[in-house]
Amino acid sequence: AAHRGPASNLALLEDVVGTRGEMAALVGCSSYSQYKALDASLAQEPGAIVGFLEQLASHIREDADKEVQLLRDHKGSAVHAWDVEYHMGKVRADVAAARRFPVSEYLQLGSVLEGFAQ
């Protein structure tokens, strides 16, 4: 199989897609995705999955909007998909730095370890 060319892979893929459609039809499903949803036990049909995602989106929309605004403020302009990972890392680093309490300025490692040993 490793030596097959793109044309034979395409034919194989078409065969797999066709077979999946036949499997779904045999158990009374209109599509392979509906067949897989039946198998998943949490969602009995694709519509249930979409409903779950829409419900989830409505619950997290406010927090997501705040996060996007935080990224916009950090970047200083519109945020694109390719910006998110970089700027979110920068925001997390800034938040972590702001939360750090400078304990090390007041405690010496030797004193702390001695205290644990007692």
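Below: a short report on this structure. Just so you know, these numbers come straight off a predicted model, no measurement behind them.

## Some details on the overall build of the protein
Of regular secondary structure, the protein possesses five helices and zero strands. A total of 118 residues make up the protein; the buried ones form 8% of that total. Put simply, of all contacts in the protein between residues at least 6 apart along the chain, 0% involve residues at least 24 apart. As displayed, the protein offers around 9,900 Å² of accessible surface, 59% of which is attributable to carbon and sulfur atoms.

## A short note on the side chain of H87
Along the chain, H87 falls in helix 4 (residues 84-99). Those residues in contact with H87 that sit more than four places away from it in its chain are L71, H74 and K75.

## Points about the side chain of D83
With respect to the helices and strands, the residue D83 is situated in the loop between helix 3 (46-75) and helix 4. Other than its neighbours up to four places away in sequence, D83 contacts K75 and A78.

## A word on the packing of helix 3 against helix 4
Remark: helix 3 packs on helix 4, axes separated minimally by 10 Å, with the N-to-C direction vectors making an angle of 85°. If you check the angle between helix 3 and helix 4, you find them roughly perpendicular. From helix 3, E67, L70, L71, H74 and K75 reach across to helix 4, where they touch V84, H87, M88, K90, V91 and D94.

## Focus: helix 3
Helix length check: helix 3 (30 residues) gives 38 Å between terminal C-alpha atoms against 44 Å at 1.5 Å per residue, more than 12% under. At I60, helix 3 shows its maximal bend, which comes to roughly 55°. After helix 3 finishes, the residue G76 shows a positive phi value of roughly 90°.

## Let's talk about the pattern of salt bridges
Tallied over the entire structure, the rule returns three salt bridges. Across the pair E62 and K66 runs a salt bridge whose closest N-O atoms are separated by 3.6 Å. With E62 and K66 both in helix 3, this residue pair falls four residues apart, about one helical turn. The pair formed by E62 and K66 is uniform in burial state, with each residue classed as exposed.

Cut-offs applied
Residues numbered from 1 in each chain as written. Predicted model: local features only at pLDDT ≥ 70, side-chain atom pairs only at ≥ 80, totals over all residues. Heavy atoms only, no water. Helix = DSSP H or I, 4+ residues; strand = E, 2+ residues; numbered from the N terminus. Buried < 20%, exposed > 50% of the residue type's maximum accessible area, 1.4 Å probe, protein only. Contact = heavy atoms within 4.5 Å. Areas by Shrake-Rupley, 256 points an atom, 1.4 Å probe, with all protein chains shown as cover. Axes fitted to C-alpha atoms, helices over the stretch in contact; angles between N-to-C directions. Parallel < 35°, antiparallel > 145°, perpendicular 65-115°, else oblique. Expected span 1.5 Å × (residues − 1). Bend = angle between axes of the 7 residues up to and from the residue. Salt bridge = Lys/Arg side-chain N within 4 Å of Asp/Glu carboxyl O.

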